[in-house]
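A structural walkthrough
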Amino acid sequence: MALARRLMGDPHGPADDHSGGLITAPKRYELFAALAFLGRRRAVFDRLVARAGITAGDRVLDIGCGTGYLTRRAAAVAGSVVGVDPSINVIEYARRKSPPTCVFHVAEGRRVPEEDASFDVAVSSLALHHIEPGQRADTFAEIFRLLCPGGRLLIADFRPPSGALGNRFVGAVAGHAMQHTQVEDHAPAITAAGFTVVGEGDLRPFLHYVRALVQ
Ligand SMILES: C[S@@+](CC[C@H](N)C(=O)[O-])C[C@H]1O[C@@H](n2cnc3c(N)ncnc32)[C@H](O)[C@@H]1O
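Scope of this entry: the structure provided in the associated data block. As the structure is a prediction and not an experimental result, all values here were calculated from the model.

1. With respect to unusual backbone geometry
Of all residues except glycine, most have a negative phi; of all peptide bonds, most are trans. Following arginine 204, the chain continues to proline 205 via a peptide bond in cis, the omega torsion being 15 degrees. Non-glycine residue alanine 117 carries a positive phi angle of around 55 degrees. Within the secondary structure, alanine 117 is located in the loop between strand 3 (102–106) and strand 4 (119–125). Owing to a relative accessible area of 34%, alanine 117 belongs among the partly exposed residues under this scheme.

Right, here's the structure in full:
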């Protein structure tokens, strides 16, 4: 089992199902994220909020919200945001750390307890590779159900290094899913869910994102 999954993941989960699984140690995750972003986490996530086109008054959904960092950055612009994550540990942490404008559900991305067309924007950061491969199509379909006509989706995830050494290092530290999941490879599944993919790009130092619309 990769180091990160041992330190931050579900001790009762499968050793490797080609997903990152649940994060169950929120304080360790926050420490890991702070170190990984080298003090630039807030700037990177604020750029992510801007690339998602979030503006004041938007109803925003954050899939795989974890400790709620992006949820809070999005709420600072939109006003209110709903975050979902199947890990009770991270949701309890997110609830303690967030203002009342952030509402959280313990739920998988493929089963969100909200009405059809109740959001203008859906975002997700560093979560796609945590979702089991067999659940990803259902997750995109669920997000499509939840967005209103004209709704916007931005999915950002880790861009694995292309060099063999760096790639193997990521595999050893973070596991198979982070080593091999390329967010742009999911464009066909996002399209199959009903979206129109409208762009992709890098968010330095190591994120890549795909943007899509409900047309
Ligand atoms: C690396 S964390 C990212 C958290 C946060 N979005 C961020 O950028 O800091 C990935 C999260 O995905 C969650 N996750 C795992 N399976 C999921 C699923 N089926 N649906 C939604 N989230 C899931 C994990 O519990 C974890 O909190």
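2. Quick notes on the site of the ligand
Not every one of the 20 residues close to the ligand is listed here, only the nearest: Tyr29, Gly64, Asp85, Gly109 and Ser125. Separating an oxygen atom of the ligand from a side-chain N or O atom of tyrosine 29 is a distance of 2.9 Å. The separation between a nitrogen atom of the ligand and a polar side-chain atom of glutamine 135 is 3.4 Å. Considered on its own, the ligand offers 600 Å² of accessible surface; in the complex 97% of this is hidden by protein. Considering only residue class, the shell around the ligand consists of nine nonpolar, eight polar and three charged.

3. Remarks on the packing of aromatic side chains
In this structure the tally under the stated criterion is five aromatic pairs. Their ring planes at 65 degrees and their centres at 5.5 Å tell us that phenylalanine 37 and phenylalanine 45 sit as a pair that is edge-to-face. For the pair formed by phenylalanine 37 and phenylalanine 45, the shared burial category is buried. Taking 5.6 Å as the distance between ring centres and 50 degrees as the angle between the ring planes, the aromatic pair formed by phenylalanine 158 and phenylalanine 206 counts as tilted. With phenylalanine 158 in strand 5 (residues 147–158) and phenylalanine 206 in the loop between strand 6 (196–203) and strand 7 (207–213), the pair connects residues that are 48 residues apart, well separated along the chain. Residues phenylalanine 158 and phenylalanine 206 agree in their burial class; the two are buried. An aromatic cluster is defined as three or more aromatic residues linked by ring pairs; in this entry it consists of Phe37, Phe45, Tyr69, Phe158 and Phe206. The ring of tyrosine 69 carries arginine 41 above its face, with NZ or CZ at 4.0 Å from the centroid.

Cut-off values and rules
- Residues numbered from 1 in each chain as written.
- Predicted model: local features only at pLDDT ≥ 70, side-chain atom pairs only at ≥ 80, totals over all residues.
- Heavy atoms only, no water.
- Helix = DSSP H or I, 4+ residues; strand = E, 2+ residues; numbered from the N terminus.
- Buried < 20%, exposed > 50% of the residue type's maximum accessible area, 1.4 Å probe, protein only.
- Near = heavy atom within 4 Å.
- Polar contact = N/O pair within 3.5 Å; in protein donor to acceptor, adjacent residues only side chain to side chain.
- Areas by Shrake-Rupley, 256 points an atom, 1.4 Å probe, with all protein chains shown as cover.
- Nonpolar A, V, L, I, M, F, W, Y, C, P; charged D, E, K, R; others polar.
- Phe/Tyr/Trp six-rings, centres within 6.5 Å; stacked < 30°, edge-to-face > 60°.
- Lys NZ or Arg CZ within 6 Å of the ring centre and 35° of its normal.

Honestly, it's all geometry; don't read function into it.
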